[in-house]
Amino acid sequence: MSKNGRTAMIAAVAAMLVPAAHAMHVDPRGLGQVLVFPYYTVNGGNDTLFAVTNTTAHAKALRVRFHEGYDGRGVLDFDVYVGPHGAWSASVTSSGGDASLARLVTSDPACTLPALAAHAIDFGVASFAGENAPTGPTGEADGGPSTPDRTREGHFDVFEMG
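The rules behind each value
- Residues numbered from 1 in each chain as written.
- Predicted model: local features only at pLDDT ≥ 70, side-chain atom pairs only at ≥ 80, totals over all residues.
- Heavy atoms only, no water.
- Salt bridge = Lys/Arg side-chain N within 4 Å of Asp/Glu carboxyl O.
- Helix = DSSP H or I, 4+ residues; strand = E, 2+ residues; numbered from the N terminus.
- Buried < 20%, exposed > 50% of the residue type's maximum accessible area, 1.4 Å probe, protein only.
- Pairing = 2+ DSSP bridges.
- Axes fitted to C-alpha atoms, helices over the stretch in contact; angles between N-to-C directions.
- Contact = heavy atoms within 4.5 Å.
- 1 Å grid on protein atoms, 1.4 Å probe; cavity = no way out; pocket = protein on both sides within 12 Å on 5 of 7 lines; lining within 4 Å.
- Points joined across faces, edges and corners; volume = space filled by probe spheres on them.
- Nonpolar A, V, L, I, M, F, W, Y, C, P; charged D, E, K, R; others polar.

Some words on the pattern of salt bridges
- Within this structure, the stated rule accounts for 5 salt bridges.
- Between Lys60 and Glu160 there is a salt bridge whose closest N-O contact spans 2.7 Å. Of this pair, Lys60 sits in strand 3 (residues 60–68) while Glu160 sits in strand 9 (residues 153–160); the two residues are 100 residues apart in sequence, bridging distant segments of the chain.
- Look at Lys60 and you get buried, because its relative accessible area is 18%.
- A salt bridge links Asp71 to Arg73; the shortest N-O distance between them is 3.3 Å.
- Accessibility expressed as a relative area gives 40% for Asp71, which makes it partly exposed.

As structure tokens, this is what we get:
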């Protein structure tokens, strides 16, 4: 066996002996640093209600990121600060009409950055409209619309920053 053949065999055997690395561990109690909410919708007159609870004695800084459902492009990002053993709740609703934007609404007094004027903020279309519109030979590389109703369903994540 040649030197290169021996080296390849040793590398293959070593790779089989290395334990598998897991990218994510799901805590059986549902606690952790990342929450993935797989679906929100405001279509058909629906609202999506959710709450995040801090189960520790320390304040938490959280990043909340919403993505539209067609291609996963960002439509709203903000930070929320939750006190010890506190909770923060909000809802995703329609800003009005069938072709309108989704809107985040909360009556929770928790601090957010940017501050939520009147406890509400509309989702944005900047990631898929205007100069950021996906263009290609057919006009739209991802095939999705560039209209505000694209924000009306998708998914969102909550990340613990500290």
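The structure having been displayed, the exposition proceeds.
Focus: the pairing of strand 3
- Burial analysis of strand 3 places 7 of its 9 residues in the buried class, which makes it a mostly covered element.
- Between the antiparallel neighbours strand 3 and strand 4 (residues 74–82) lie 5 residues, among them Gly72 with a positive phi of about 75°.
- The pairing of strand 3 with strand 9 spans 7 bridges and is antiparallel. Along strand 9, the bridge assignment pairs Leu62 with Glu160.

A word on the sheet that holds strand 6 (residues 102–105)
- With antiparallel pairing, the 4 strands of this open sheet are ordered in space as 2-5-6-8. Strand pairing shows two members of the sheet lacking a second neighbour, strand 2 (48–53) and strand 8 (120–122), which therefore form its edges. Averaged over all pairs of adjacent strands, the angle between their axes in this sheet comes to 20°, without regard to strand direction.
- Alignment of strand 6 against strand 8, held across 3 bridges, turns out to be antiparallel. Bridge assignment links Val105 to a residue of strand 8, and that residue is Ala120.

A word on the environment of Phe50
- Positionally, Phe50 belongs in strand 2.
- It is 5.7 Å that separates the C-alpha atoms of Phe50 and Ser89, two residues lying 39 residues apart in sequence.
- When near neighbours in sequence (up to four residues on either side) are disregarded, Phe50 contacts Phe37, Phe66, Trp88, Ser89, Ala90, Ser91, Val92, Leu104 and Phe156.

Thoughts on the layout of surface pockets
- Size it by volume and the largest pocket reaches roughly 310 Å³.
- Along the walls of the largest pocket sit 16 residues, with Gly32, Thr53, Asn54, Thr55 and Glu160 positioned nearest its centre.
- Listing elements by their share of the lining of the largest pocket, those giving two or more residues are strand 1 (34–41), strand 2, strand 3 and strand 9.
- When residues in the lining of the largest pocket are grouped by element, the largest group, 3 residues, is from strand 9.
- Class assignment for the residues of the lining of the largest pocket results in 7 nonpolar, 7 polar and 2 charged.
- A volume near 260 Å³ is recorded for the second largest pocket.

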